[in-house]
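The residues making up each chain are set out below.
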Amino acid sequence: MRNDDLVHACHPTELISRWYNTPMGARLAEDLAACLGRLADDAFGYHAVMVGAVLPCEPRLRIRARTQVAATREELTETPLMAVQADFDYLPIETESADLVIALHVLESTREPHEIMRELDRIIRPEGRVMIVGVNPVSFWHWQKSWLGREKMMRTGYLAGQHRAAWRVVDWLRLLGYDVQSVEHLGGVCPTTRPRFYDKMTRCRALSGKWLWFMQGFYVIDAVRRVSTPTAIRPAFRLPRMIPNKTRATVANQTTCQTTHPSRQQLSGRTINLFKK
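Residues numbered from 1 in each chain as written. Predicted model: local features only at pLDDT ≥ 70, side-chain atom pairs only at ≥ 80, totals over all residues. Heavy atoms only, no water.

Enquirer: I would appreciate a short explanation of the overall build of the protein in the present structure.
Expert: When its secondary structure is counted, the protein shows eight helices and 11 strands. In the protein, which comprises 277 residues, the share counted as buried stands at 44%. Long-range contacts, defined here as pairs at least 24 residues apart, represent 67% of the contacts in the protein between residues at least 6 apart. Here the protein displays about 17,200 Å² of accessible surface, and carbon together with sulfur accounts for 53% of that area. (Helix = DSSP H or I, 4+ residues; strand = E, 2+ residues; numbered from the N terminus. Buried < 20%, exposed > 50% of the residue type's maximum accessible area, 1.4 Å probe, protein only. Contact = heavy atoms within 4.5 Å. Areas by Shrake-Rupley, 256 points an atom, 1.4 Å probe, with all protein chains shown as cover.)

Enquirer: Is there a simple way to think about a negative patch on the surface in this case?
Expert: A contiguous patch of negative charge, built from Asp 87, Asp 89, Glu 112 and Glu 115, is present on the exposed surface. Looking at where Glu 112 falls in the secondary structure, it is placed in the loop between β4 (98-104) and α4 (114-123). Given the relative accessible area of 51%, Glu 112 is considered exposed. (Patch = residues over 30% accessible without salt bridge, like charges linked within 9 Å, V, L, I, M, F, W, Y side chains within 5 Å. Salt bridge = Lys/Arg side-chain N within 4 Å of Asp/Glu carboxyl O. Lys, Arg positive; Asp, Glu negative; His and termini not counted. Charge placed at Lys NZ, Arg CZ, Asp CG, Glu CD.)

Enquirer: In this structure, what is going on with unusual backbone geometry? I would like to understand it.
Expert: Leave glycine aside and you will find that most residues have negative phi; peptide bonds, for their part, are mostly trans. With a phi angle near 55°, His 105 is a residue other than glycine that sits in the positive phi range. Along the polypeptide, His 105 turns up in the loop between β4 and α4. The class of His 105 is buried, set by a relative accessible area of 1%.

Enquirer: What exactly am I supposed to notice about the side chain of Arg 66 here?
Expert: Within the element layout of this structure, Arg 66 appears in strand β2 (residues 66-70). One polar contact links the side chain of Arg 66 to the main-chain carbonyl oxygen of Pro 59, over a distance of 3.3 Å. When near neighbours in sequence (up to four residues on either side) are disregarded, Arg 66 contacts Ala 48, Glu 58, Pro 59, Leu 61, Leu 81 and Met 82. (Polar contact = N/O pair within 3.5 Å; in protein donor to acceptor, adjacent residues only side chain to side chain.)

Enquirer: Hey, could you run me through the sheet that holds β2 in this one?
Expert: Strand pairing in a sheet takes place through backbone hydrogen bonds and is either antiparallel or parallel in direction. Pairing within the open sheet is mixed, and its seven strands lie in the order β3-β2-β1-β4-β5-β7-β6. Each having just a single partner strand, β3 (82-85) and β6 (178-186) make up the two edges of the open sheet. This sheet shows a mean twist of 15° between the axes of neighbouring strands, independent of strand direction. Here α4 sits on the sheet in contact with β1 (48-52), β4, β5 (124-135), β6 and β7 (218-225), set at roughly 145° to β5. (Pairing = 2+ DSSP bridges. Axes fitted to C-alpha atoms, helices over the stretch in contact; angles between N-to-C directions.)

Written out as structure tokens, the structure reads:
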């Protein structure tokens, strides 16, 4: 099989998983795992699901029960987690059972990512966390597609698939009722294939994180699923009226409506004016 045919035959997340096993991919996977572990430091629960590409180094999570879902069996050969092979638009996971979902390059595997977004929203419980990792389409990492050939895409597997902008994914999450906590960028502005050059540009990555964060290669979106709860409507509080109302009184076996006044007294069924001479 030629390299061109191999590129079309492999799943996009499988190509990205292979690239993470290269020296440069493993170095970037360390920064990505550290970022995911820092964001998920305050995430608590019983079950975490990692969907999409498989990292060679796992992020440190407080949740011990973790499940890895991948598109092919080749990606699950070396993972120590409970592995499941399934399609991303139909996950074999119970509804509202995951406390944390980490989606690694999942939206890049299809041209219609809305079904995958609905499936991720289905398995997340209320107040659960979701973290979406993707390649920034306005960065130099993505622009390599214009001058790299098909053969070099095997060594740069992160270029496979359809890259989505972070602001667009944030809009999709907000439409589903999520509260976006933060959007982290990493990878630097200038792409490289050697870990030695990547480590030398640590100061440049720090400066670009402050001023050119929108041109860094990768992004991590952290969001919380908010579910509105119905609240009973209470009656409005009203102060009692200070002015006395008209009271009903019985005079000579008849019901009449009269107003009480300090200058009048009711005596023997008749009204007498005390100030009349």
